[in-house]
Structure formats: C-alpha cells, structure tokens
Amino acid sequence: MTAQRDFTAYGPSYWAVISLFVAVAALLVWLGRRQTDAQARLLGRVLGATTATIYAAALVYSLIPPSIDGSVPLRLTDLATVAAAYALWSQAHWAYALTYYWGLVLSAQALISPVLTGPDFPHYEFLTFWGIHLLVVWAAIYLTWGRRMRPQWRSYRIAVVVTAVWAVTTFTFNRIAGTNYGFLNRKPATSSLLDVLGPWPLYVLTATSLILVVWALMTYPWVRSQPSP
C-alpha cells in the first residue's frame, strides 16, 4: 500500500479543479440564459439539494470524532454554503445577496490561495473542500449571469450586517474556546492572501476595509445599469 500524497497548492490536482471550475461556470451561464422559468426552478432545486447534501455530509464527517476546533459550524464557508443552497432552491433575494458577496469574494479565495492541508485527490477531504467552495461560487455565477439576478444597495447592507454579526460572534467564541474559526484571531498555518495584509489585528481591519470597498464596487455597476423607476 502506498501512502496518500498530500495536496499541494498549484499542483496538478489544483489546475484540474480550476479547469473544471471554468468549464462548469461557462456551462451554467449558458444554461441559465436559455432556460424557461420552470427549467430554472428545477435545476436550481437540484443544485441546491446537491449543495445541501454535500455540506451535510461534510458536517457529519467533522463530528467523527467531534472537536472544539473543527466541528463547530462557525466558518464563513459554512454560512455561505447554506445561503447558496437556499438561494439556488428558492431564489430568495437575501440568500442571493449573501451568495453573491460571500461567494465571489470570500469563497473564491479558495481558487486563488487554497487553505487545504491534507491528502490530495481522491481523498474525501479534498473532494469536500473543493466541492463546497466551487458550488458556492458556481451558485453566485449562475444566479447573477445565468438567471440575471442583480445585487442592489439593499443587498450590500444585508451582506455587511450579517457578516458583522458573524464576525463578532465567531471572534468571541474563538477567544473563549481558543479556536480560530474564520482566521479572525490569527492567520492560517498555510500561506494565504492574509500574509500581505500585516500582523494581527491589522490584517483583520485591513481585510474588512478592502471587503467593504470591493463589495461596494461589485454593487455600483449593477445599480447604475438598472433603469430608473
């Protein structure tokens, strides 16, 4: 028996995932623009159920055995996956808003600097990590460019408020439990984009400011292009 090789960022499996991401994203946009409402509702529910099922499996797996630093669903990825599943299923605007901002900025970071320490393909951890992150980003792309849902300033406010509540709650939990969900209390062990933003807590403040600006820039063109009432 040979040992399972570890995942290496920017290795062959990484580029295979990126190729898959691009191909499926293009397919979803193509499909979304050509579907009837009934077809879109069916595909949305299939994708939403698939996303929820994968997340539920990952959550159960994290409980075997349970650990304070790995089993509590406090990562922003947890919330983003739930929001994406519900947005696909219902196309509710608040869920779409969270999926749009979280998916295209935060979940998409996994495509640029994957924080994955563990076995490579086809290990369960590899498949779960990429499955969850890709499905959230695909959901944002499909709903925005495929089904033509659009963010508004109301969407921006929803994302900011919910993210702030998550950050305060998670930071407090981390301080009490000695965990580091969301990397709010220290940087991840692997290299990431946070490395260029300074030490803690400077990188938290810098990242927050950048996110607020980027989210605003992601909103303004859509609002400007909408016809006046």
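In what follows, the structure referred to is the one given above.
Residues numbered from 1 in each chain as written. Predicted model: local features only at pLDDT ≥ 70, side-chain atom pairs only at ≥ 80, totals over all residues. Heavy atoms only, no water.

Chemist: What should I look at first to understand the environment of Leu194 in this one?
Modeler: Position of Leu194 relative to the elements: it lies in the loop between α7 (153-177) and α8 (202-225). The class for Leu194 is buried, based on a relative accessible area of 15%. In this structure, the C-alpha to C-alpha distance between Leu194 and Ser113, residues 81 residues apart in sequence, is 9.9 Å. Sequence-distant contacts of Leu194, defined by excluding residues within four places in its chain, comprise Phe183, Lys187, Pro188 and Tyr203. (Helix = DSSP H or I, 4+ residues; strand = E, 2+ residues; numbered from the N terminus. Buried < 20%, exposed > 50% of the residue type's maximum accessible area, 1.4 Å probe, protein only. Contact = heavy atoms within 4.5 Å.)

Chemist: Looking at this structure, how should I read the pattern of salt bridges?
Modeler: Pairing is possible between side chains that carry opposite charge, provided their charged atoms lie close to one another. In total, this model carries 2 salt bridges according to the counting rule given. Of the charged contacts, one joins Asp120 and Arg5 as a salt bridge, the two residues approaching to 3.6 Å between their closest N and O atoms. Within this pair, whereas Asp120 is found in the loop between α5 (109-112) and α6 (124-146), its partner Arg5 is found in the segment before α1 (12-34), the two being separated by 115 residues in sequence. A residue is classified by how much of its surface remains accessible, and Asp120, at 6% relative accessible area, is buried. One salt bridge in this structure joins Arg147 and Asp37, with 3.2 Å as the shortest N-O distance. Taken together, the residues Arg147 in the loop between α6 and α7 and Asp37 in helix α2 (residues 37-62) connect sequence positions 110 residues apart. Take Asp37: its relative accessible area is 56%, and that puts it in the exposed class. (Salt bridge = Lys/Arg side-chain N within 4 Å of Asp/Glu carboxyl O.)

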